[in-house]
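# A closer look at the structure
The chain contents come next:
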Amino acid sequence: MAVKSRNLSLNKRGLNFEMLMWIFTRLSALAMYAFILFGLIGALIMGARTQMNFADIMRWAFMPNVTHVQNTNVSNFALWASPFWKVIASGLLLVAVAHGVHGLVVIADDYLAAPRARQIVRIISIVFMLAMIVIGAYVIWSS
Amino acid sequence: MALKRNVSLATALRYKGQGPMLTYFLHRFSGLGMAIFITIHILASFVGGKSGVFVNSIYENWLFQIFIFFCVMFHAINGMRITIQDLWPKAIKYEREAIWVEWVIFLPLYLISVLVILRTAMGV
């Protein structure tokens, strides 16, 4: 039986890709909290307190895209559809897609042990990630 | 090298991991739920038209809102606990206590949200 990585001392493990993705998952989670808090504060500054109910504010905070406030009493859509919010939404999209796709790879790795299968999962996940970033960015910037 | 497991499926199913096992399972379940349904939501918004509007109208149903809000809230709060423990490893010693704190934070927040969702659905 081969040596398990957990039997290696810390300085022998080094910084490999899996280690970087492990820390990325944690840091991107923190980044998403920051994005959501930022969207929440931004909505309140733009007048959400009197123009939206709580569920709509949360919908906006989880993805600050103007289509998420179209069914509310918001009066000035131009403010909510500004390039500033599109950049914020794109940033959240990038972080969330990368975090989510890596999570799917981690789950797949638990059930697929063969190296060839894992390689195929990685190729599919990279294609899927790029496709979702392009489609999501299109939805954000065209709305 | 292929992964070698010495545990049969029957043994795995009998494993009683208690609190940490439950949060592990729910974290995975909620993550998968969000990944699947947000993917469909983005694709539906991209396609648009009648079919896109139909798919997105499912997301506005109160049953679905209860489900997806569970995924989001549980994944966010449990993820916060995992992040704190992983970036500050001394806290791992108190994992079970942290999980109790996590439920104390999660349950009131989620139940109040479910109440709000139901009240809105019933038009109260």
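Rules of the game
Residues numbered from 1 in each chain as written. Chains lettered and ligands numbered in written order. Predicted model: local features only at pLDDT ≥ 70, side-chain atom pairs only at ≥ 80, totals over all residues. Helix = DSSP H or I, 4+ residues; strand = E, 2+ residues; numbered from the N terminus. Rg over C-alpha atoms; globule rule 2.2 N^0.38 Å. Buried ≥ 20, exposed ≤ 12 C-beta atoms within 10 Å, placed from the backbone. Contact = placed C-beta atoms within 7 Å. Expected span 1.5 Å × (residues − 1). Nonpolar A, V, L, I, M, F, W, Y, C, P; charged D, E, K, R; others polar. Core = buried A, V, L, I, M, F, W, Y, C linked by C-beta atoms within 7 Å. pLDDT = per-residue confidence, 0-100. Axes fitted to C-alpha atoms, helices over the stretch in contact; angles between N-to-C directions. Parallel < 35°, antiparallel > 145°, perpendicular 65-115°, else oblique. Left-handed = near helix turned anticlockwise from the far one by under 90°.

Counting its secondary structure elements, chain B contains five helices and zero strands. N-terminal to C-terminal, the α/β element order of chain B is α-α-α-α-α. Compactness check: chain B gives a C-alpha radius of gyration of 19 Å against a globular reference of 14 Å for 124 residues, more than 25% above the reference. Expressed as lengths along the three principal axes of its C-alpha atoms, the size of chain B is roughly 50 × 40 × 30 Å. Sorting the 124 residues of chain B into buried and exposed places 12% on the buried side. Within chain B, contacts between residues separated by at least 24 positions form 69% of all contacts whose residues are at least 6 apart in sequence.

Time to look at helix α4 (residues 62-87) of chain B. Relative to the 38 Å expected for 26 residues at 1.5 Å per residue, α4(B) spans 37 Å between its end C-alpha atoms, a close match to the ideal helical length. Of all the residues in α4(B), the buried ones are B:Q65, B:C71, B:F74, B:H75, B:N78 and B:G79. Elements that come into contact with the buried residues of α4(B) comprise α2 (17-45) of chain A together with α2 (18-47) and α5 (95-122) of chain B.

The figure often quoted for interface size is the accessible area lost as the parts come together. Opposite the 21 residues of chain B that make contact, chain A presents 20 residues. Secondary structure elements with two or more residues in the side of chain B that touches chain A: α2, α4 and α5 of chain B. Considering every element that reaches the side of chain B that touches chain A, the biggest residue donor is α2(B), with 10 residues. Among the residues forming the side of chain B that touches chain A, the class breakdown is 12 nonpolar, six polar and three charged.

Below, the discussion takes up the nonpolar core. Residue and element names in this part refer to chain A. Formed by 21 residues in total, the largest nonpolar core has its most connected members in I57, A89, L92 and L93. Looking at this core, the elements that each hand over two or more residues are α2, α4 (54-62), α6 (83-111) and α7 (115-142). If you tally residues by element for this core, the top one is α6, at seven residues. Sequence-distant contacts of A89, that is, excluding residues within four places in its chain, are made with M63, P64, N65 and I140.

Right, let's get into the confidence of the model for chain B. All names here are of chain B. Confidence in the prediction of chain B, expressed as mean pLDDT, is 85, and 95% of residues score 70 or more. Across chain B, element-level confidence peaks in α4 with a mean pLDDT of 90 and bottoms out in helix α1 (residues 9-14) with 73. Complex prediction metrics read pTM 0.84 and ipTM 0.81.

Now for the packing of α7(A) against α2(B). The geometry of α7(A) relative to α2(B) is characterised by a closest axis approach of 9 Å and an angle of 50° between their N-to-C directions. One finds that α7(A) runs oblique with respect to α2(B). Judged by the sense of rotation from one axis to the other, the crossing of α7(A) with α2(B) is left-handed. Across the interface between the two elements, A:M132, A:I135, A:G136, A:Y138 and A:V139 of α7(A) pack against B:T39, B:I42, B:L43, B:S45 and B:F46 of α2(B). Class assignment of the residues belonging to the contact of α7(A) with α2(B) gives a composition of seven nonpolar, three polar and no charged.

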